[in-house]
Amino acid sequence: MSLAARDATHSNIFKEMKDITFEQTISHQCGVTMNDSVEARAIAEFMGKKPGVTITYQPALIRIDGDGKLIFKMDAIGEYLGREISAETFEVNTSTHYGRMVRVDDNTVILFGNMDEMFEYIE
């Protein structure tokens, strides 16, 4: 897929400064920035099919953003990728994240935008 065609099928979270309104509110957004790789592209394509998820492609980076929480299931992503992917591989491909990241088990990584909901998963 050409870069122009790919950009036309995905929205972009970045805005120009003139289009930004600053508010004193909590957004409840969360997301990851991943180094562009075969695994990151598969994760982005898979997650991009979920409602409320925005994928933004940048040179050498892919952002996956959501509202509330993002649930990354390694078995489902691995099936989409065509081979197993571990939570460790996911974390290696993640260069940064925002929100609270909780590794529930070897199969599930959740990013929370709502901190209150995150407390259900920690001891």
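A short tour of the structure in this document, coming up. Just so it is clear, the structure is predicted and the values come from calculations on it, not from any experiment.

Topic: the pairing of strand S1 (residues 29-35)
In terms of burial, S1 is largely enclosed, as 5 of its 7 residues are buried. Pairing between S1 and strand S3 (residues 61-67): 7 bridges, direction antiparallel. In the strand pairing of S3, Thr33 is matched with Arg63.

Observations regarding the sheet that holds strand S4 (residues 69-73)
Ordered by their spatial adjacency, 3 strands build an open sheet running S4-S7-S6, and the pairing between neighbours is antiparallel. Only two strands of the sheet have a single neighbouring strand rather than two, namely S4 and strand S6 (100-103). The mean inter-strand angle of the sheet, taken between neighbouring strand axes irrespective of direction, is 15°. Here S4 runs beside strand S7 (residues 108-112); their pairing, made up of 5 bridges, is antiparallel.

Quick word on the pattern of salt bridges
Enumeration over the complete set of coordinates arrives at 9 salt bridges. A salt bridge links Glu39 to Arg83, with the nearest nitrogen and oxygen atoms 2.7 Å apart. Of this pair, Glu39 sits in helix H2 (residues 38-47) while Arg83 is found in the loop between helix H3 (74-81) and helix H4 (87-93), placing the two residues 44 residues apart along the sequence. We classify Glu39 as buried; its relative accessible area is 17%. Glu91 serves as the salt-bridge partner of Arg103, at 4.0 Å between the closest nitrogen and oxygen.

Some points on unusual backbone geometry
Of all residues except glycine, most have a negative phi; of all peptide bonds, most are trans. Its identity is not glycine, yet Ala60 carries a phi of approximately 75°, on the positive side. Tracing the sequence through the fold places Ala60 in the loop between strand S2 (54-58) and S3.

Notes on the sheet that holds S2
Overall, antiparallel pairing links the 4 strands, which are arranged S2-S3-S1-S5 in an open sheet. Since the sheet does not close on itself, it has two edges, and those belong to S2 and strand S5 (94-98), each with one partner. Taken over all neighbouring pairs, the strand axes of this sheet differ in orientation by 15° on average, direction set aside. Sheet strands touched by H2: S1, S2 and S3. Its angle to S3, the strand with the most contacts, is close to 30°.

Each value, and the rule that gives it
Residues numbered from 1 in each chain as written. Predicted model: local features only at pLDDT ≥ 70, side-chain atom pairs only at ≥ 80, totals over all residues. Heavy atoms only, no water. Buried < 20%, exposed > 50% of the residue type's maximum accessible area, 1.4 Å probe, protein only. Helix = DSSP H or I, 4+ residues; strand = E, 2+ residues; numbered from the N terminus. Pairing = 2+ DSSP bridges. Axes fitted to C-alpha atoms, helices over the stretch in contact; angles between N-to-C directions. Salt bridge = Lys/Arg side-chain N within 4 Å of Asp/Glu carboxyl O. Contact = heavy atoms within 4.5 Å.

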